[in-house]
Each structure stands twice: as C-alpha cells, then as structure tokens.
Amino acid sequence: MVRSLLVIPLLMAALGGIWLARGALQRWRDLRAAATYELAGERWPMLVRAAGAMICGVCVTALTLLTALGAFGGLTPRGQESDRAEPVVDAAGAGPGGGPAVRQQPVPPVVAEPAAASAAPSAAVIHFDGVGQPGGGELLQSAVPGPDGQPRTVRVWLPPQYAKEPNARFPVVVMQAATPRKTADAEVPDVFEGLTAALQTGRARPFILVAPEAPNGTAHPCDLVAAAPAAVADDETLRAAIAASFRILAPGPASWGTLGVEGGAPCAAAAGLSRPDLYGATAAVSGRYDAAALTQAGAEAPAGSAAKLLLAAAKADTAGLDAARKLQAALQAGAGPAAKAEVKISDNVQDYTPDRERMRLVRQAAQYLADALAKAS
C-alpha cells in the first residue's frame, strides 16, 4: 500500500522536473538569441529553473529507489501504527495551565496605496472606448486634442497584466505611424501578435502601447519629424491625457519608448534621435532611412542625453540591413549627441514567410524596449 502511494509524488516530481528543464532550455535559447543581437538577457530565470530541475531529478531518483526497495514499508512493523497515541483536541479550547485559550486576531494585510497620478492636476481624464481585444489585451480608442486644438485619433493597447495588477503602473511605448491621419496599428495590424509573443515567453516586461494618429499636412510624416522634432505625434498634450487616463509611470526617458515598423520605422528613429530626453529607447523595424537627415536631427538633440536605438531587419532583407548599417555609420561620424547614440543592429531573424519574420522582429523590438526601459528606471 505504501509503495503504491509513492507513485504519486514520483510522477509529480518527474513532471515538474521535465517542465523546469524545458523552461531552463528555453531561457538558455533566449540568452543566446539576445547575445546574437547584443541585447542583455537575465541569467537568473534560467539558473533557477535549472536548479529546480536538478532537485526534481534527485527526488525522482530517491523515490524510485524507495519504491523499488519498499523502504518505507520495512521501517515500521505492522500493527504498530494502531499503538500510536492520537492527539487529543481540547473541545473547551483551554490554554496552558487550564486557563482560557487566547486566540490571536489575524493582522489585516497592508495594502499599498497606488502612486499619485503623474499627470498635471489640470489634465482631464479622457474616456476611451473599447474597440477589440487583440493579443489577449484590450484595445481602446478616443479623440485627443492635438497641439492645434483639433481632435486626433489615439489608440491605446493595454497588456493582459493591466487588468490583473490593479495597483501597478506601466511604462509606455509610442508606436509611430507613417501615413497621415492613420494610427500605426492600422498599418501593421499584426503588431499585437509580436508583443503578446514577447510577453508570453517572458522576453519582455509588460508595457502600454500608444498609437497616435500621424500628423496631417504632409505626405511623409517621417520626413517632417526628422526636420522638426516638435512635429512628433507624441506631444505634451497627448502625454498629459494618457497619464491622466491610465496607470502609467511618469513620462520621461526612464519609462517612455518609441517603436516604428516598416514605414513607421524612420519616424521612430527620428523621434528617438531628436528627443532622447523623452524616449529612453527606440526600436525601428524593417525601415529605410535618410541617414543624413537623421544624423542632423540627432546632432540637434538636447545636450547631455544619448539616444538608444535598435535597428532590426530580417536576414534576407539586404536593403533594410544596408540602410541600417549606413545610418549607424553616419551617426558614429556625426556631431554632438548624434555621435553618442548607442545603435544596435539585429540581423539574425529568418523564417518561412515575411509575416512570421515581422512578428519575430516585433518580438525582438519589444524585448529590447522593455529591457532598456527597465534598466533606465
């Protein structure tokens, strides 16, 4: 009977060891991938899982030997179990010395008050309507006044953790659009798939994605952003509205990043290079860049700050990688803050279809942004 009871913990230890070993292997692969494109990876999750798998392996070995030899069954002679005294419970609840037992009242848990909103007191909360649930999160939309007072569409994607952690505040990533009067998620609707993949695999800490409508008045908003940093879609009015309406960390380089995919990549690069005092990290995916214009924008950035930029392209995208390397070289030879920019290039993504490559590139970008913002904070 005892021998059969050991089978349950044996199976549990074996399954736990397999699960932990697979987790450690996945973390090890993530570390190798991060090293390939010069991203920092955390070793502790891999080491903890590996140690847990080893402990489970020792438990499986011990339980297997005990089950095979019947050690537990031979330690205690039969019939002695009934001679053991059963513990007596005093129904009257008497304490030591015959006095009444004193029950300790449980101490209520201390609940931390949520941090004060980072928005200015005058910032009004704007109502956002739900428009979908891509990637397991929630996509919201509203009209936010622009610098000229005219309303513009702004979409906000809340990660699944936003609803699960009601007292937590999250960093923000602004996704730049390349088409006037459009939000970036309309140009790249599968961006949420890449973000969710990064969160589910533990490759990125959760953040809120804000997709403002690209400025109107020009057919090429990215050129406008490079020429005039004040033209970025993420302005003071938008930042105040987002801070007043959602639980975010205070806007600034420690908690604010920017992302651009394909046509929006030059916009993100221009915003990150010209405003390193606002964006702590920038990720540009599969873009084509005007190296001279972006280098000039970086040279005119506020003094005392250095942009952090990831330029990612698929391995087969030779034109995109060539544009990324030219921009990197131009910035290194630039003047002022442009020469101080930390530029990393990812060229290791390869998959069966362009859509899958784009999803993996977005996943890399999410990891880079989350990692850089976590270090900055």
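That block above? That's the structure.
Not measured: the values here are computed from a predicted model. (Residues numbered from 1 in each chain as written. Predicted model: local features only at pLDDT ≥ 70, side-chain atom pairs only at ≥ 80, totals over all residues. Heavy atoms only, no water.)

Thoughts on the overall build of the chain
Alright, step 1. Summing up its helical and strand segments, the chain has 13 helices and nine strands in all.
Alright, step 2. Looking at the 377 residues of the chain, the share that counts as buried comes to 44%.
Alright, step 3. Counting contacts in the chain only where the partners sit at least 6 residues apart, residues at least 24 apart contribute 72% of the total.
Alright, step 4. Surface accessibility of the chain: about 19,900 Å² in total, with carbon and sulfur atoms responsible for 58%. (Helix = DSSP H or I, 4+ residues; strand = E, 2+ residues; numbered from the N terminus. Buried < 20%, exposed > 50% of the residue type's maximum accessible area, 1.4 Å probe, protein only. Contact = heavy atoms within 4.5 Å. Areas by Shrake-Rupley, 256 points an atom, 1.4 Å probe, with all protein chains shown as cover.)

Things to note about the sheet that holds strand β2 (residues 138–145)
Alright, step 1. The nine strands are arranged β1-β2-β3-β5-β4-β6-β7-β8-β9 in an open sheet whose pairing can be described as mixed. This sheet does not close on itself; its edge strands, each paired only once, are β1 (129–132) and β9 (342–349). On average, adjacent strands in this sheet sit at an angle of 25° to one another, irrespective of strand direction.
Alright, step 2. Judged from the four bridges that link them, strand β4 (residues 172–175) and strand β6 (residues 256–261) form a sheet pairing that is parallel. Across the sheet, residue Val-174 finds its bridge partner in β6, namely Thr-258.
Alright, step 3. Each of β2, β3 (151–158), β4, β5 (208–212) and β6 touches helix α7 (residues 191–200); the most contacted strand, β3, lies at about 30° to it. (Pairing = 2+ DSSP bridges. Axes fitted to C-alpha atoms, helices over the stretch in contact; angles between N-to-C directions.)

Let's talk about the nonpolar core
Alright, step 1. Among the nonpolar cores identified, the biggest contains 34 residues, and Met-175, Val-191, Leu-195 and Leu-259 are the most heavily contacted of them.
Alright, step 2. Among the elements of the structure, β4, α7, β6, β7 (281–285), β8 (308–314) and α13 (354–376) are those that each provide at least two residues to this core.
Alright, step 3. When residues of this core are assigned to their parent elements, the largest contribution, nine residues, is made by α13.
Alright, step 4. What Val-191 contacts, discounting residues up to four positions off in sequence, is Met-175, Leu-259 and Val-362. (Core = buried A, V, L, I, M, F, W, Y, C linked by side-chain atoms within 4.5 Å.)

Quick look at the pattern of salt bridges
Opposite charge on two side chains permits them to pair, given that their charged atoms come into close proximity.
Alright, step 1. Applying the stated criterion across every chain, the model contains eleven salt bridges.
Alright, step 2. Taking the shortest distance from any N to any O, the salt bridge between Arg-181 and Glu-213 comes out at 2.6 Å. With Arg-181 in the loop between β4 and α6 (184–187) and Glu-213 in the loop between β5 and α8 (221–227), the pair connects residues that are 32 residues apart, well separated along the chain.
Alright, step 3. A relative accessible area of 10% means that Glu-213 is categorised as buried.
Alright, step 4. The partner of Arg-275 in a salt bridge is Asp-277, and the shortest N-O contact between them spans 3.0 Å.
Alright, step 5. Owing to a relative accessible area of 22%, Arg-275 belongs among the partly exposed residues under this scheme. (Salt bridge = Lys/Arg side-chain N within 4 Å of Asp/Glu carboxyl O.)

A few points about the packing of helix α11 (residues 291–299) against helix α12 (residues 318–332)
Alright, step 1. Running from amino to carboxyl end, α11 crosses α12 at an angle of 40°, the nearest separation of the two axes being 9 Å. Here α12 runs oblique to α11, going by the angle between their axes. The crossing of α11 and α12 is right-handed. Contacts from Ala-291, Leu-294 and Thr-295 of α11 reach α12 at Lys-326, Leu-327, Ala-330 and Leu-331.
Alright, step 2. Of the residues contributing to the contact of α11 with α12, the split by class is five nonpolar, one polar and one charged. (Parallel < 35°, antiparallel > 145°, perpendicular 65-115°, else oblique. Left-handed = near helix turned anticlockwise from the far one by under 90°. Nonpolar A, V, L, I, M, F, W, Y, C, P; charged D, E, K, R; others polar.)

A few points about the environment of Met-12
Alright, step 1. Along the chain, Met-12 falls in helix α2 (residues 7–36).
Alright, step 2. Judged by relative accessible area, which is 59%, Met-12 ranks as exposed.
Alright, step 3. Sequence separation between Met-12 and Cys-59 is 47 residues, and the spatial gap between their C-alpha atoms is 9.9 Å.

Re a nonpolar patch on the surface
Alright, step 1. A surface patch of nonpolar side chains, about 370 Å² in accessible area, is lined by Trp-44, Leu-47 and Val-48.
Alright, step 2. On the secondary structure map, Trp-44 appears in helix α3 (residues 44–69). (Patch = residues over 30% accessible without salt bridge, like charges linked within 9 Å, V, L, I, M, F, W, Y side chains within 5 Å.)

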